[in-house]
Amino acid sequence: MITFRLGDASGDAPGAPPGAVAHSYYDGPHGPVFAAYTNNDQVTQAWGPLVPDARFDFGPSGRLDGQRHTSFVDPVALGVGELSGNAVQPNWALFNRRRRGIKIDLGPRLYLYRIAGISSPLLERDDRTPVVSFGGVRAPHQVAEEADDVDVALALVMFYGVPDSAIRAQA
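Residues numbered from 1 in each chain as written. Predicted model: local features only at pLDDT ≥ 70, side-chain atom pairs only at ≥ 80, totals over all residues. Heavy atoms only, no water.

## A closer look at the pairing of strand β5 (residues 51–56)
And then number 1: One ladder, built from four bridges, connects strand β4 (residues 43–48) with β5; its direction is antiparallel. Its bridge partner being in β5, Gln-45 is matched across the sheet by Arg-55.
And then number 2: Counting the residues that bridge the hairpin from β4 to β5 gives two residues.
And then number 3: Pairing of β5 with strand β8 (residues 76–80), which is carried by three bridges, proceeds in the antiparallel orientation. In the strand pairing of β8, Phe-56 is matched with Leu-78. (Pairing = 2+ DSSP bridges. Helix = DSSP H or I, 4+ residues; strand = E, 2+ residues; numbered from the N terminus.)

Here you go:
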């Protein structure tokens, strides 16, 4: 795993989609990558010169489709470059964090976005291979050496789009 940095971005990030003002950036393999909220904070987007544009129809103000804010029971649309799919949280398990994760179907790729440890968001492939680990309070942020540009863009829209509470607490 390779360590990377997350930070605040200046609003003038190059290549921003229309209406997007970057608020965060990723500096690591396949970077820089910027993140922003658009459509009244109901869409999370990520872009950069070395990654495909990513869009997740969920943000701090809820879902773009108008469903309940914290609901992932119904799929939420997302896309990275030419790939499209959805994110859904089909299971509920009080003591099993893996089952509480958000399953992501992105074209032929399958992922799980979940909380690892006490409070570290983790994006992993369907075979449990870690792709990106966002460090908690004391742990570093890490990306797998095998991660590609799609993995990085997807990880950023999930990290900035989904609050930890949406994974931990389920309705």
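## Quick look at the packing of aromatic side chains
And then number 1: Tallying each qualifying case throughout the model produces six aromatic pairs.
And then number 2: A centroid spacing of 4.0 Å and a plane angle of 15° characterise the contact between Phe-134 and Phe-159, whose relative ring orientation is stacked. One end of the pair, Phe-134, is in the loop between β13 (130–133) and β14 (141–143); the other, Phe-159, is in helix α2 (residues 149–161), and 25 residues separate them in sequence.
And then number 3: Aromatic pair Phe-159 and Tyr-160: ring centres 5.1 Å apart, planes at 75°, arrangement edge-to-face.
And then number 4: By relative accessible area, Phe-159 is classed as partly exposed at 23%.
And then number 5: With relative accessibility at 14%, the residue Tyr-160 sits in the buried group.
And then number 6: In textbook terms, an aromatic cluster arises when at least three aromatic residues are bridged by ring pairs, as seen for Phe-4, Tyr-26, Phe-134, Phe-159 and Tyr-160. (Phe/Tyr/Trp six-rings, centres within 6.5 Å; stacked < 30°, edge-to-face > 60°. Buried < 20%, exposed > 50% of the residue type's maximum accessible area, 1.4 Å probe, protein only.)

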